[in-house]
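# Structural description and commentary
As a plain string of letters, each chain reads:
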Amino acid sequence: MAAAPPPAPPRILLAGDAHGRLHQLFKRVKSVNQSTGPFNALLCVGQFFSPEVGEEDSPPGDFADYLEGRAAVPIPTYFTGDYGPTAPRLLSKAAADARGFAPGGIQICPNLFWLRGSALFNLHGLSVAYLSGKRGLGGPGCYSQDDVDALRALAEEPGIVDLFLTYPLLAPLTKLDGTNEWPAGVVNGADTSKVPPQVLEPQGYDPVVAELVTEIKPRYHIAGTKGVFYSREPYVNDSSLHVTRFIGLANVGNKEKQKFIHAISPTPASTMSSADIHARPPNATLSPYVAPAKSVPVEDTPKRPAENTDLQYWRYDVKRQRQGQNDGSLLCFKFTSSGSCPRGSNCNFKHDEEAREHCQRNVCFEFLNKGKCGKGPECRFAHSLTEEAAVRDAKPRSDQRPVESSCWFCLSSPDVESHLVISIGDGYYCALAKGPLVPEHVLVIPVEHFPTTITMPAEPEAELRRYKNALGKYFEKQGKAAVYFEWVSQQSRHANLQAVPVPLSKAASVEKIFHLAAKRLGFELSVVNPDGDANQGRELLRSQYDSKSGLFYVELPDGTLLLHMLGSREKFPAQFGREVLAGLLSMADRADWRNCKLSKEEEIKMVDDFKQGFREFDPAE
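What counts as what
- As a convention, each chain's residues are numbered from 1 in the sequence order in which they are written.
- Note on the predicted model: pLDDT of at least 70 is required for a residue's local features to be given, and 80 or more for side-chain atom pairs to be given and counted; whole-chain, interface and lining totals, by contrast, use all residues.
- Calculated side-chain values reflect all of the structure's heavy atoms, with hydrogen atoms and water omitted.
- Each helix is a run of DSSP H or I of at least 4 residues and each strand a run of E of at least 2, with the numbering of both proceeding from the N terminus.
- Each residue is assigned to one of three classes by its accessible area relative to the maximum for its type, calculated with a 1.4 Å probe on protein chains only: buried under 20%, partly exposed between the two thresholds, exposed over 50%.
- What qualifies as a polar contact is a pair of N or O atoms within 3.5 Å, subject to a donor-acceptor requirement within protein and to the restriction that residues adjacent in sequence count only when both atoms come from side chains.
- Strands are treated as partners if at least two bridges between them are detected by DSSP.
- Axis definition: a line fitted to C-alpha atoms, over the contacting stretch in the case of helices. Angles run 0 to 180 degrees between N-to-C directions.
- Every residue pair with non-hydrogen atoms within 4.5 Å of one another is taken to be in contact.
- By convention, a crossover is right-handed whenever its connection, traced from the first strand over the helix to the second and viewed with the strands pointing away, goes clockwise.
- An angle counts as roughly parallel when it lies under 35 degrees, as roughly antiparallel when it exceeds 145, as roughly perpendicular when it falls between 65 and 115, and as oblique in every other case.
- Definitions for this section: a left-handed crossing has its near helix turned counterclockwise from the far helix by less than a right angle. A right-handed crossing has that turn clockwise.
- Three residue categories are used. Nonpolar comprises Ala, Val, Leu, Ile, Met, Phe, Trp, Tyr, Cys and Pro, charged comprises Asp, Glu, Lys and Arg, and polar comprises the others, including Gly.
- In this description, a nonpolar core means a group of buried Ala, Val, Leu, Ile, Met, Phe, Trp, Tyr and Cys residues linked to one another through side-chain atoms lying within 4.5 Å.

### Section: the environment of T77
Along the polypeptide, T77 turns up in strand β3 (residues 77–80). Classification of T77 by relative accessible area gives buried; the value is 0%. Once the C-alpha coordinates of T77 and F113 are considered, the two residues, 36 residues apart in sequence, prove to be 6.1 Å apart. A polar contact is formed between the side chain of T77 and the backbone oxygen of I75, at a distance of 2.9 Å.

### Some words on unusual backbone geometry
With an omega dihedral of 5°, the bond running from G37 to P38 counts as a cis peptide bond. Within the secondary structure, P38 is located in the loop between α1 (22–36) and β2 (41–44). Although it is not a glycine, N111 sits at a positive phi angle of roughly 75°. The topology assignment puts N111 in the loop between β4 (106–109) and β5 (112–115). According to the relative accessible area criterion, N111 is partly exposed, its value standing at 26%. Of note, the phi angle at H124 is positive, near 55°, even though the residue is not glycine.

### A closer look at the sheet that holds β2
Hydrogen bonds along the backbone pair up the strands of a sheet, which may run parallel or antiparallel. The mixed open sheet is built from six strands, whose spatial order is β4-β5-β3-β2-β1-β17. Edge strands, defined here as strands with exactly one partner in the open sheet, are β4 and β17 (261–264). Going from strand to strand, the sheet's axes swing by 25° on average, the running direction of each strand aside. Of the strand pairs in this sheet, β2 and β3 are connected by three bridges, and their pairing is parallel. Note that in β3 the partner of C44 across the bridge is F79. In this fold α1 packs onto β1 (12–15), β2, β3 and β17, with an angle of close to 145° to the strand it touches most, β2.

### Section: the pairing of β2
Side chains A41 and L43 project from β2 onto one buried face, and the interleaved L42 and C44 project onto a second face that is buried too. Between the parallel elements β1 and β2, the chain passes through α1 in a crossover that is right-handed.

### Looking at the packing of helix α15 (residues 510–520) against helix α17 (residues 576–584)
The N-to-C vectors of α15 and α17 enclose an angle of 125°; their axes lie 10 Å apart at closest approach. On the basis of their axis angle, the class for α15 and α17 is oblique. Note on packing geometry: the crossing formed by α15 with α17 is right-handed. The residues of α17 that touch α15, namely those facing V510, I513, F514, A517 and A518, are F576, G577, V580, L581, G583 and L584. Per-class residue counts for the contact of α15 with α17 are nine nonpolar, two polar and no charged.

### Considerations on the side chain of T453
Relative to the elements of secondary structure, T453 occurs in the loop between β20 (442–446) and α13 (458–477). A polar atom in the side chain of T453 sits 2.6 Å from the side chain of E486.

### Some points on the nonpolar core
Judged by nonpolar contacts, the single largest core of 34 residues is most densely connected at I422, L471, Y553, F610 and F614. Membership of the second largest hydrophobic core comes to 30 residues, among which are L25, L42, A94 and W114.

### As for the sheet that holds strand β21 (residues 480–488)
What the eight strands build is an open sheet, ordered β18-β19-β20-β22-β21-β24-β25-β23; its pairing is antiparallel. Looking at the sheet topology across the chains shown, the edges are occupied by β18 (421–424) and β23 (526–527). Helix-sheet contacts for helix α16 (residues 534–544) involve β24 (551–555) and β25 (561–565), and the interaxial angle to β25 is about 20°.

### Points about the environment of K257
Its location among the elements puts K257 in the loop between β16 (243–249) and β17. Note: C-alpha distance between K257 and F229 (28 residues apart in sequence) is 9.8 Å.

In structure tokens:
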């Protein structure tokens with residue numbers, strides 16, 4: 001049988017500064033999508049909001065129609081930048097409602113997502129990095145030093161970034177403050193006869209972006225420009241064999257009729273052959289940068305406030321851990337919040353048991369780490385080391401974040417059993433199941449307090465795939481295959497994807513026994529992905545799930561996903577997945593986890609045994 005053809009590469013639309021002209025932008029997008037589409041997404045760089053000041057109590061102009069449901073965004077649209085007079089007011093509610101760090105964007109209204117700060121996320125297989133905001137003195141519309149540091153940390157990760165989104169162009173060849181010569185700009189080495197005059201002007205450039213792009217080495221760099229469209233010849237990156245293509249876009253509706261929307265269809269680097277990635281177009285030039293990038297400080301820029309400071313520490317410690325930039329005086333967030341750290345004695349941060357005890361009493365981690373907290377009255381943690389003061393300072397339980405309540409799975413919760421933890425990544429961690437069905441029965445759990453893995457952002461979803469791949473290899477070495485299942489109800493608090501290994505001899509029977517069990521209980525399981533592509537199956541679930549309904553799904557050893565959507569009043573057996581597999585494995589007496597409880601010593605021994613065999617596959621190592 002002939003191999004199935006590879007999936008078509010995603011089709012992406014790019015747009016420049018919208019300046020609040022959303023009706024004009026989306027009318028054009030809708031027309032292009034109907035005539036030459038369909039397109040998977042629209043990425044907007046530059047100033048998305050109107051430069052005009054709107055009325056105090058209502059969103060200005062076009063934006064109100066989309067925010068209030070009178071108009072619809074035609075395709076999934078992602079924009080960078082929280083600048084413009086009305087932007088802080090319009091985005092403050094979305095920021096307040098956002099749960100933790102959202103690399104794939106904060107939803108403003110259906111199909112419209114704000115890319116805040118900086119991050120890396122997966123968009124239809126493409127690795128997309130972004131820096132939202134301009135260089136400045138801090139506050140709305142300006143990126144922070146933390147945003148820059150986070151991208152530098154991501155640049156050290158393996159893999160190739162497909163797209164890098166920024167507001168400004170790169171710095172031209174010029175001197176700043178009359179002293180330091182900065183890297184040559186994007187036009188250096190290019191055919192200047194094809195460069196618009198506006199691009200050659202020295203104003204409106206950013207040396208920080210020039211520095212970052214040399215480190216990240218994206219395949220495409222997309223930026224807002226000074227009202228013109230400019231597509232530079234590809235250039236070869238220093239110490240890397242792939243080329244970068246720079247595309248600058250004009251403002252939406254500009255009077256000069258410059259191109260403000262552009263279509264690309266890049267094959268994700270992760271699926272390309274080495275020969276294709278390293279292919280050099282005949283018009284490729286050398287890198288436009290004349291010198292290695294120096295560290296350009298973001299002057300006097302405060303750290304961007306965040307709704308989940310814990311996740312920010314988790315995010316930014318990556319770079320410092322790898323470069324050993326801490327002298328041991330700062331606390332390790334992973335150890336302080338969970339009681340364990342996968343780096344052990346190799347960790348560059350301090351493992352302090354006393355700080356761990358304070359953290360369990362809801363004392364602010366930033367206060368413990370620095371002696372002060374920058375969030376002020378907005379912080380919901382205590383700012384005192386004495387128990388009496390901590391109780392007095394802490395916010396009422398009704399005001400606390402979900403991770404502060406009694407959650408078994410939040411790593412910063414005092415109720416988490418950290419000795420069950422096997423591996424900790426950035427967005428997910430792996431732990432031994434409480435009362436396991438079999439010794440290798442584990443849970444893959446989001447670090448953030450999310451009710452289901454289906455609604456997790458794209459970047460953690462990519463990490464989940466890595467954990468599943470690692471578990472698959474670990475189980476295969478034992479002659480077993482993994483079965484994954486998740487039950488989601490309206491009462492679900494913190495998601496956990498269960499992974500139960502079954503002998504390869506029984507793998508082919510898993511689908512049949514699940515269908516049989518469902519039929520006996522009076523419902524059916526539908527097949528989500530007949531082709532058996534588990535990743536595609538999860539993407540279908542993610543795109544179709546409305547976050548309001550309950551569901552149960554199981555991923556079979558061959559990658560097929562079986563799904564049952566729960567009715568509004570349907571009562572579903574919480575132990576269904578486990579009970580079915582207990583029957584398959586002839587372990588009916590172990591169907592209820594409460595019958596399989598172990599002592600803490602037995603659990604620690606089981607975790608240590610799992611770690612020893614899993615270490616060579618662990619994606620967090």
